[in-house]
Amino acid sequence: MLIETWQVIGLVFALQVKHLLADYFLQTKAMIEGRRSYGHRGGIAHVAIHGAGSLVVFALFGGLSGIVALIVIVEMIVHYHIDWSKDNIVLRLGITPDDRSYWIAAGTDQALHQATYLVMAMTWLAYVYANP
């Protein structure tokens, strides 16, 4: 049980580093602006970077498989909708970084992404141990 716990923690940490790179280092202005329009290529490109990064992380932790592909596809769909929802709430309310509510929205967005990584790690590990 201790080994599994450390594997989940390590995987979640690696996914958090990937998130930092994809959300803050690799995201362009066009991606950020495109996320507001449903189906815009900017938002799709953003989640594609997240998906590619997640594939790299999973490859480092045990290889790629059908379950990893499914986990990453679901991650991309969830990530897209978290970003799209937050961006449209911020836009609809007309809030900016000067407003407290903007930071509540941004913090909620980031917390939801982190929760996604925990679910991804737990799902992968449950599958790995159920299918040795």
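Residues numbered from 1 in each chain as written. Predicted model: local features only at pLDDT ≥ 70, side-chain atom pairs only at ≥ 80, totals over all residues. Heavy atoms only, no water.

Draft legend 1. Geometry of the nonpolar core. Residues Leu-11, Leu-15, Phe-58, Val-68, Ile-71, Met-120 and Trp-124 are the most contacted members of the largest nonpolar core, which totals 16 residues. Counting only elements with at least two residues in this core, the list comes to helix 1 (2-25), helix 3 (41-62), helix 4 (66-93) and helix 5 (100-130). Apart from residues no more than four positions distant in its own chain, Trp-124 is found in contact with Leu-11, Phe-58, Phe-61, Gly-62, Val-68 and Ile-71. Counting five residues, the second-largest nonpolar core is a separate cluster that includes Ile-95, Tyr-102, Ala-105 and Ala-106. (Core = buried A, V, L, I, M, F, W, Y, C linked by side-chain atoms within 4.5 Å. Buried < 20%, exposed > 50% of the residue type's maximum accessible area, 1.4 Å probe, protein only. Helix = DSSP H or I, 4+ residues; strand = E, 2+ residues; numbered from the N terminus. Contact = heavy atoms within 4.5 Å.)

Draft legend 2. Expanded view of the environment of Met-76. For Met-76, the location among the structural elements is in helix 4. Under the relative-accessibility criterion, Met-76 is labelled partly exposed at 26%. Remark: the alpha-carbon pair of Met-76 and Ile-44, spanning 32 residues in sequence, is separated by 8.7 Å. Dropping the residues within four chain positions of it, Met-76 is found in contact with Val-47, Ala-48 and Gly-51.

Draft legend 3. Focus on the pattern of salt bridges. Taken as a whole, this structure holds five salt bridges when the rule is applied. One salt bridge in this structure joins Lys-29 and Glu-33, with 3.8 Å as the shortest N-O distance. Highlighted residues: Lys-29 and Glu-33, both in helix 2 (residues 29-34), separated by four residues, approximately one helical turn. Since its relative accessible area comes to 41%, Glu-33 is described here as partly exposed. Ionic contacts of the salt-bridge type, sharing partners, join the residues Arg-35, Asp-83, Lys-86 and Asp-87 into one network. (Salt bridge = Lys/Arg side-chain N within 4 Å of Asp/Glu carboxyl O.)

Draft legend 4. Structural context of the side chain of His-46. Among the secondary structure elements, His-46 is positioned in helix 3. The contact partners of His-46, leaving out residues within four places of it in the chain, are Ala-22, Asp-23, Gln-27, Met-31, Arg-35, His-79 and Asp-83.

Draft legend 5. Local environment of the packing of helix 1 against helix 3. Running from N to C, helix 1 and helix 3 cross one another at 150°; their axes reach a closest spacing of 9 Å. With respect to helix 3, the axis of helix 1 lies roughly antiparallel. The handedness of the crossing between helix 1 and helix 3 is right-handed. Contacts between helix 1 and helix 3 involve Gln-7, Gly-10, Leu-11, Ala-14, Leu-15, Lys-18, His-19, Ala-22 and Asp-23 from the former and His-46, Ile-49, His-50, Gly-53, Ser-54, Val-57, Phe-58 and Phe-61 from the latter. (Axes fitted to C-alpha atoms, helices over the stretch in contact; angles between N-to-C directions. Parallel < 35°, antiparallel > 145°, perpendicular 65-115°, else oblique. Left-handed = near helix turned anticlockwise from the far one by under 90°.)

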